[in-house]
Amino acid sequence: MFYRILLLLCCVVLTAGLLVAQQADSIDADTLLPESEGDVVASDYPMPFPARGGRVDWGLALSGGGLRSAAFSIGAMKALYDLDLLDDIDVISSVSGGGYASYWLYSRYDGRDDTRFGAGAFADTEFPIQVCTLANRSRFYPFVQMLAAFVSPRSAAFRSYRRAIQRSFGADVTKDRTLDSLLVPITAARAPYFIMNMTLKSSAKQHGKKPSKIDKSFEIGPTYRGNRTLGYADWSDGNIAVKSWADGVAMSGAAVRFKLSRKIPNHSNVLKNRELDLADGGLSENLAALPLIGRGVKNIIIVDAENDPGYKFKSYCSLRSYLADAHITLAVEKIDAFYDCDNRRYKTDQKVFAIASVAVGKAVSNSEYDGDPIDSNIYYVKMSRPDSIFSETAMKTAGIEVDDLNYEGKTRPDECPSGQLRPMTRESMLRDVLSYAHHLNGDWRWGKFIEFLPFINYNFPQITTIDQTFYSNQLDAFIGLGYLEACALEDFAATGRSCSNKPKL
């Protein structure tokens, strides 16, 4: 165990150094070539997604954060399904680990007229099977395989990563699905449009200004690719540069750029480069909310499951800064009352964000904004320890005693027989969350040692994603936490549904 921890530390330090260096990349002025020819582009945000529920008014953003984010996002989307809110989502924007969850969901959708979007993953009869199957495949990217990728050629490393995504999150019948494979049901408003977010290795230097991270954020959807600096272009060659859906997800999660970044043809006449080098979207905007706010989507649910052991809301603060540069004000009252992004300090003695499962806010453009007015409602689901779930009062209300919590150890199912799995209810998920949290935060013998190590944290739910393998109890806990927190959206949704007929937690 100690040897494994030392190896993890070496990997973390190496990766951290790489990421710092990558984020400083920019293109010098001599790479600008305005007279060059590129594909026909539009400077404005494309609005290709159809209206579900009557108009384009709901968007869902799934943050980065590896396996942890994928599991938390799956739980959050299950809550949206139970609340009937998933039926109204017009577009799902994802980055990195959130893309795993998006891929997992879409690969279980058959696209037929009579199939409700999400039923193949989230229907009460299907959900336990699909979660069990995910647990069975959850040796996603073992540490030894990660080390092997470091010494492999770039193409081999990327293929290994993409295969791991297909194997763990894809459904067998759709493992080679292309980006445009679901255009018919998307166009017919039976399924949400989707956006995968990436980061350009470089971005054009314009008007004598150094490019910001917002200019490096790059979008790929089933029908277009681009960003606000390079413009937006259709896939003129029909997705040939991204041959499968898993290719796009792998590009969006390519955190180790020097091994995993991929290139697609340059569509813009702004740069002379023939190709665009793309990697993990979390290197620019880790919440995947920028495309939705920029388009002025009226209601935006942000699922934030990044590694944030100090609850300093790094990605939220970064997004606020990017939007401020674009003359858009983002304010989420309960987050702003907890942490001061401008001065990087807490506003309360409490260092764990526990005051809300869903924090509500606004994104509003000011008079200097160059575009149609933006007035978006923000529903921010932060992976945290809300009192409504973790407090003694909440446990007492739910009839749960600490002695009742049962940690089953590190197990993975060998098979997932239909009809023989336990139902996943709101109550069972609460027990899964509390059992694993109690074990990790109280009983685990390595916990006191780990908490002193840099970049590594094992204080549920804020645990590192260096180890890209999960066991059943870990998956159940993070899926359950995402579900329980997102269920608080029942207080804001107009569907009249709740996650269960039991009293709210």
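These numbers were taken from a predicted model, which means no experiment stands behind them.

Trainee: Which parts of the structure should I look at to understand helix α5 (residues 127–136)?
Mentor: One turn of the α-helix equals 3.6 residues, which is why residues spaced by three or four share an orientation. Extensive coverage of α5 is indicated by the burial of nine of its 10 residues. What α5 keeps buried is the set F127, P128, I129, Q130, V131, C132, T133, L134 and A135. If you follow the buried residues of α5, they end up packed against α2 (66–82), α3 (97–106), α4 (119–122), α7 (154–169) and α19 (472–486).

Trainee: Whenever I open this one, the environment of L481 confuses me. Can you help?
Mentor: Its location among the elements puts L481 in helix α19. Put simply, L481 and G75 are 406 residues apart on the chain and 6.9 Å apart in space, counted from C-alpha to C-alpha. The contacts of L481, once residues within four sequence positions are left out, are F72, M383, S384, I389, F390, V433, F460 and P461.

Trainee: How should I be thinking about the state of the cysteines in this particular structure?
Mentor: Two cysteines form a disulfide when their sulfur atoms are joined by a covalent bond. Following the criterion strictly, the structure yields three disulfides and no others. One disulfide in the model links C132 with C416; its S-S distance is 2.0 Å. Since a negative S-S torsion denotes a left-handed disulfide, the C132-C416 link at about -85 degrees is left-handed. Residue C132 is located in helix α5, and its partner C416 is located in the loop between α16 (392–397) and α17 (426–443); the two are separated by 284 residues in the primary sequence. Since its relative accessible area comes to 9%, C132 is described here as buried. Residue C317 pairs covalently with C341 via a disulfide, S to S 2.0 Å. Its S-S torsion of approximately -70 degrees makes the covalent link between C317 and C341 left-handed. In this pair, C317 is assigned in helix α13 (residues 314–325) and C341 in the loop between β12 (339–340) and β13 (345–346), connecting sequence segments 24 residues apart. Residues C317 and C341 agree in their burial class; the two are buried. Once the bonded cysteines of the protein are numbered in order along the sequence, the disulfide links fall as 1-4, 2-3, 5-6.

Trainee: Looking at this structure, how should I read the packing of α5 against α19?
Mentor: When two helices pack together, their arrangement is given by the angle between the helix axes and the distance between those axes. Put simply, α5 and α19 touch, their axes get as near as 9 Å, and they point 130 degrees apart. Relative to α19, the element α5 is oriented oblique. In the crossing of α5 with α19, the sense of the turn from one axis to the other is right-handed. Within the contact between the two elements, α5 uses F127, V131, L134 and A135 and α19 uses S472, L475, D476 and I479.

Trainee: Any chance you could explain a positive patch on the surface here in plain terms?
Mentor: Together, R154, R159, R163, R167, K201, K243, R262 and K263 make up a region of like positive charge exposed at the surface. When contributions to the positive patch are tallied by element, the ones reaching two or more residues are α7 and β8 (262–265). Sort the elements by how many residues they give to the positive patch and α7 lands first, with four residues. Following the sequence through the fold, R159 ends up in helix α7. The exposure class assigned to R159 is partly exposed, which follows from its relative accessible area of 36%.

What counts and how
Residues numbered from 1 in each chain as written. Predicted model: local features only at pLDDT ≥ 70, side-chain atom pairs only at ≥ 80, totals over all residues. Heavy atoms only, no water. Buried < 20%, exposed > 50% of the residue type's maximum accessible area, 1.4 Å probe, protein only. Helix = DSSP H or I, 4+ residues; strand = E, 2+ residues; numbered from the N terminus. Contact = heavy atoms within 4.5 Å. Disulfide = S-S within 2.5 Å. Axes fitted to C-alpha atoms, helices over the stretch in contact; angles between N-to-C directions. Parallel < 35°, antiparallel > 145°, perpendicular 65-115°, else oblique. Left-handed = near helix turned anticlockwise from the far one by under 90°. Patch = residues over 30% accessible without salt bridge, like charges linked within 9 Å, V, L, I, M, F, W, Y side chains within 5 Å. Areas by Shrake-Rupley, 256 points an atom, 1.4 Å probe, with all protein chains shown as cover. Salt bridge = Lys/Arg side-chain N within 4 Å of Asp/Glu carboxyl O. Lys, Arg positive; Asp, Glu negative; His and termini not counted. Charge placed at Lys NZ, Arg CZ, Asp CG, Glu CD.

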